[in-house]
Amino acid sequence: MAEKLADLTLVVGHTHNDHNLHHYPGMNVERIYMDYNATTPMEPEVIQVISEALHEAWGNPSSSYITGAMAKAIINQSRQNVARMVGGKAEDIVFTSGGTEANNLVLHTAVEHFRKNRSAAENGEGRENGCTGLPHIITSNVEHDSIRLTAEHLQTVGKADVTCVPVSKVTARVEVEDIIAAVRPNTCLVSVMLANNETGVIMPIQEICQRIKSLNKQHERLRILLHTDAAQALGKIPVDVQELGVDYLTIVGHKFYAPRAGALYVNGPGTKTPLYPMLFGGGQERNFRPGTENTPMIAGLGKAAELVTTNLSNYQSHMLSIKVYLEERLQDVFRDKIRFNGHYPGSDVLPNTCNVSILGPALQGWRVLSNCRRLLASIGAACHSASGNRPSYILLNCGVPTEVAANALRLSVGRGTTKEEVDAVVEDLRETVELLEKMN
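Residues numbered from 1 in each chain as written. Predicted model: local features only at pLDDT ≥ 70, side-chain atom pairs only at ≥ 80, totals over all residues. Heavy atoms only, no water.

Undergrad: I'm lost on the sheet that holds strand β14 (residues 408-412) in this one. Help?
TA: Sheet strands pair via backbone hydrogen bonds, and the direction of the pair is either parallel or antiparallel. With respect to topology, 3 strands assemble into an open sheet ordered β11-β12-β14, the strand pairing being antiparallel. Of all strands in the sheet, those with a lone pairing partner are β11 (338-340) and β14, marking the two edges. Mean inter-strand twist for the sheet, computed between neighbouring axes without regard to direction, equals 30°. Alignment of strand β12 (residues 353-358) against β14, held across 5 bridges, turns out to be antiparallel. When the bridges of β14 are listed, threonine 353 appears paired with serine 412. In the packing of helix α8 (residues 295-334) onto the sheet, contacts are made with β11, β12 and β14, and the angle to β12 comes to roughly 10°. (Pairing = 2+ DSSP bridges. Helix = DSSP H or I, 4+ residues; strand = E, 2+ residues; numbered from the N terminus. Axes fitted to C-alpha atoms, helices over the stretch in contact; angles between N-to-C directions. Contact = heavy atoms within 4.5 Å.)

Structural data, given as structure tokens:
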């Protein structure tokens, strides 16, 4: 469905209220959004519950009178909905401002838990093995910046040692054996994303968790905690914390048609699994994340989670059929000029993500996108936009040659993307490539 934004028409495949995106003076043209891995518009039902909460449940959730009680009830229902979406219990969900905070909270917890156990061991009160030296964190070299930069900071300030395990340049996955080989006596956390935001490759989290749990049982050592950032997976593929076997799972609302709010799943926070707050205040979220709750956004997050639980199979099959059609059309039009950067033998990928390069000296991704009349997409993760026009480090780490990575376009389709929109985008790309090649 198309929306009018002044003289800009945006096609997002849904009927929504006007979004303030970009104003293109003098361009009365339909723009087609294919950057759903960056963010998603909120579903109409989500907007409705947010509006209702703003009007009717504006009270402080800690207050006992009616508006406060309504807010508290909404938060409790949302907690249940989010827990159901990931196969957990309501008491395992801690609401956060978003994925960045949730990821920081996990790394902070792992370091603090190690420090407290080391102190106890030095005083003869706890396990000694594994509690000497600095806490050691294992992650991969294709993580989101909220993991990568947090880990780098902890290492820079001398609070942790960090190992970034390279993904395979054959499968673009982090291999289980490589994770296990990186384990040290002082390893306290393994954090690997569930699905990559640029290639769409799904990581072997279940297998990693199984192997790490075996190590935890075999050795009289401090338990290695297990975390996955599921930002890109939720709403696209089934995610079940029990099947995965994780201790922590990051939930990011704006990736599944919810507002910009998030949550952290913790398997028994403060009891079975440690969780140490970064903030201190009024005791909300059982003291794990104090601060007066943002009831409307939590309401929206809960509604979006409910929609995922109810409709996931339909969402998944639709996005997959549209992505397959997109790749077929690109192949038909560009033939030997096309390179798919998300096709790796033996690796499963997200149903909506198509990372593609159109080969040619004048066809860098940023140049193609800036000359497209209709397509709205990106050359990689939105959080890397400050890196300018350099090739994505994630693609380079996955073995994509520099000249191919420089031309990459990340096309990610959504729940409402149509084949007609795919046809229009492919034609837009064909015209743009023809123009750029003539200019060159």
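Having seen the structure, we can now continue with the description.
Undergrad: Would you mind going over the pairing of β12 with me for this structure?
TA: When a strand is regular, its side chains alternate between the sheet's two faces. Counting buried residues along β12, 6 of its 6 residues qualify, which places the element largely inside the surrounding structure. As paired strands, β11 and β12 are joined by 3 bridges and run antiparallel to one another. Bridge pairing in β12 places arginine 339 opposite serine 357. (Buried < 20%, exposed > 50% of the residue type's maximum accessible area, 1.4 Å probe, protein only.)

Undergrad: Can you walk me through the pairing of strand β9 (residues 248-252) in this structure?
TA: With respect to burial, β9 is a largely interior element, 5 of its 5 residues being buried. Going residue by residue along β9, you find Tyr248, Thr250 and Val252 tucked away on one face and Leu249 and Ile251 tucked away on the opposite face as well. One ladder, built from 3 bridges, connects strand β8 (residues 225-229) with β9; its direction is parallel. When the bridges of β9 are listed, threonine 228 appears paired with leucine 249. Both β9 and strand β10 (residues 262-266) contribute to a ladder of 5 bridges, which runs antiparallel. Bridging across to β10, leucine 249 finds its partner in tyrosine 265.

Undergrad: Looking at this model, I keep getting lost on the pattern of salt bridges. Mind explaining?
TA: Side chains that carry opposite charge are capable of pairing whenever their charged atoms lie near each other. Across all of its chains, the model carries 20 salt bridges by this definition. Between glutamate 43 and arginine 415 there is a salt bridge, with the nearest N and O atoms lying 2.9 Å from each other. Separated by 372 residues along the polypeptide, glutamate 43 in the loop between β3 (29-33) and α1 (44-56) and arginine 415 in the loop between β14 and α12 (419-439) bring together distant segments of the chain. Owing to a relative accessible area of 8%, glutamate 43 belongs among the buried residues under this scheme. Looking at arginine 415, the relative accessible area reads 10%, which means it is buried. (Salt bridge = Lys/Arg side-chain N within 4 Å of Asp/Glu carboxyl O.)

Undergrad: What am I meant to see in the packing of aromatic side chains here?
TA: For any pair of aromatic rings, the description consists of the separation of the ring centres together with the inter-plane angle of the planes. Under the criterion given, the structure shown has 2 aromatic pairs. Between tyrosine 33 and tyrosine 36, the ring centres sit 4.8 Å apart and the planes meet at 75°, which makes this aromatic pair edge-to-face. Across the pair, exposure class does not vary: tyrosine 33 and tyrosine 36 are buried alike. Judged by centre distance (6.2 Å) and plane angle (20°), the ring pair of tyrosine 36 and tyrosine 257 falls under stacked. (Phe/Tyr/Trp six-rings, centres within 6.5 Å; stacked < 30°, edge-to-face > 60°.)

Undergrad: Looking at this structure, I do not really get empty space enclosed by the protein. What am I missing?
TA: Empty space among the atoms can be located by rolling a probe the size of a water molecule over them. Counted according to the given criterion, the structure contains 2 cavities of 30 Å³ or more. In this model, the largest cavity occupies a volume close to 60 Å³. What lines the largest cavity is a set of 13 residues, among which Gly235, Lys236, Lys255, Tyr257 and Met319 lie closest to the centre. Counted by class, the lining of the largest cavity contains 6 nonpolar, 4 polar and 3 charged residues. Each pocket or cavity is described by its volume, and for the second largest cavity that value is around 50 Å³. Lining the second largest cavity, in full, are Val190, Val192, Ile205, Ile208, Cys209, Leu226, His227 and Val246. (1 Å grid on protein atoms, 1.4 Å probe; cavity = no way out; pocket = protein on both sides within 12 Å on 5 of 7 lines; lining within 4 Å. Points joined across faces, edges and corners; volume = space filled by probe spheres on them. Nonpolar A, V, L, I, M, F, W, Y, C, P; charged D, E, K, R; others polar.)

Undergrad: What exactly am I supposed to notice about a positive patch on the surface here?
TA: On the surface, Lys89, Lys213, Lys217 and Lys272 cluster together to form a positively charged patch. Note that lysine 217 resides in helix α6 (residues 205-218). (Patch = residues over 30% accessible without salt bridge, like charges linked within 9 Å, V, L, I, M, F, W, Y side chains within 5 Å. Areas by Shrake-Rupley, 256 points an atom, 1.4 Å probe, with all protein chains shown as cover. Lys, Arg positive; Asp, Glu negative; His and termini not counted. Charge placed at Lys NZ, Arg CZ, Asp CG, Glu CD.)

Shape descriptors only; they carry no functional weight alone.
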